[in-house]
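Close look at the chain arrangement
Here are the chains, one letter per residue:
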Amino acid sequence: MKRILTTLFAAFLSVGFFGCLSLGSVLGGGESNSQDADKWDIAALDTARNVDYLSAIEKDVILEMNKARSNPALYAELYILPRLKKFDGKVYNGTLVTHEGVAVVNECVSYMKSAKPLSVLNGAKGLSLAAQQHSSTQGETEQTGHTGVDGSSPFTRIEKYGTYRTAGENIDYGAKSARDIVVSLLIDDGVSSRGHRKNIMSKDFSVAGVGFSNKHKKYGSLCVITFAGGYSEK
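What counts, and where the lines are drawn
Residues numbered from 1 in each chain as written. Predicted model: local features only at pLDDT ≥ 70, side-chain atom pairs only at ≥ 80, totals over all residues. Heavy atoms only, no water. Helix = DSSP H or I, 4+ residues; strand = E, 2+ residues; numbered from the N terminus. Buried < 20%, exposed > 50% of the residue type's maximum accessible area, 1.4 Å probe, protein only. Contact = heavy atoms within 4.5 Å. Areas by Shrake-Rupley, 256 points an atom, 1.4 Å probe, with all protein chains shown as cover. Core = buried A, V, L, I, M, F, W, Y, C linked by side-chain atoms within 4.5 Å.

What follows is about the overall build of the protein. Across its full length, the protein carries 9 helices and 10 strands. Looking at the protein as a whole, 54% of its 234 residues are labelled buried. For the protein, restricting intrachain contacts to residue pairs at least 6 apart in sequence, the fraction spanning at least 24 positions comes to 74%. Split by element, the accessible area of the protein, about 9700 Å² in all, is 53% carbon and sulfur.

Written out as structure tokens, the structure is:
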């Protein structure tokens, strides 16, 4: 399982690429999004529920990210701390599924408990089309990474549909539920920069797009998440 990331902050003209194993399908919890619903203001957080360009799981990814952004400490308590018992560094089916063991979960929980609440992410059709382009075409192959089968980059895909001040892309391979995708990216096991987490928890991003495919030939599924700030659709 694999998870990779690109981040661009246009103001600083810097681009970073990071890669690591993903914990999605092995360490995932598969929780229902209805669990603990009374603890969240779902009406305020479920910003993409009524759009017609996202599937149910793609809408759930935006909801999960908004939960994490709106109340990081509660999200950590409910959904990240319970993963401690699964980060034991053991080998499953010949694959070491954690790099850092329980330490990375504890570090993530500490980060989330001290993080300030952020505004919610709204869905953006252009960002979703860019994400879906990459997830659907890459899903037909064994390819991983940010470079599209047509040679496109995350930013050329986004620029096809809109303009932005800041933009980024996260990719998770192997997770099957929205919560598993988001929790895996927040924990960010094996990525010293915690770049996936930083994208989800960035104040510089205000909109997001999601593309999920369950047809990746190597990992079974992949989820592409695009982020932007100062975004305008063409």
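Further remarks concern helix 4 (residues 72-80). The element helix 4 is extensively covered by neighbouring structure, given that 7 of its 9 residues are classed as buried. Buried within helix 4 are the following residues: P72, L74, Y75, A76, L78, Y79 and I80. Of the surrounding secondary structure, the elements contacted by the buried residues of helix 4 are helix 3 (56-70), helix 5 (102-114) and helix 8 (178-187).

Quick look at the nonpolar core now. Grouped together as the largest cluster of nonpolar side chains are 41 residues, with contacts concentrated most on V61, M65, Y75, I80, M112 and L186. Among the secondary structure elements, those contributing two or more residues to this core are helix 3, helix 4, helix 5, helix 8, strand 8 (207-216) and strand 9 (220-229). No other element matches helix 8, which puts 7 residues into this core. Excluding its chain neighbours within four sequence positions, the residues that come into contact with I80 are Y75, V105, C108, V109, M112, V183, L186 and I187. L127, A130, Y164 and A228 belong to the second largest nonpolar core, which has 10 residues in total.

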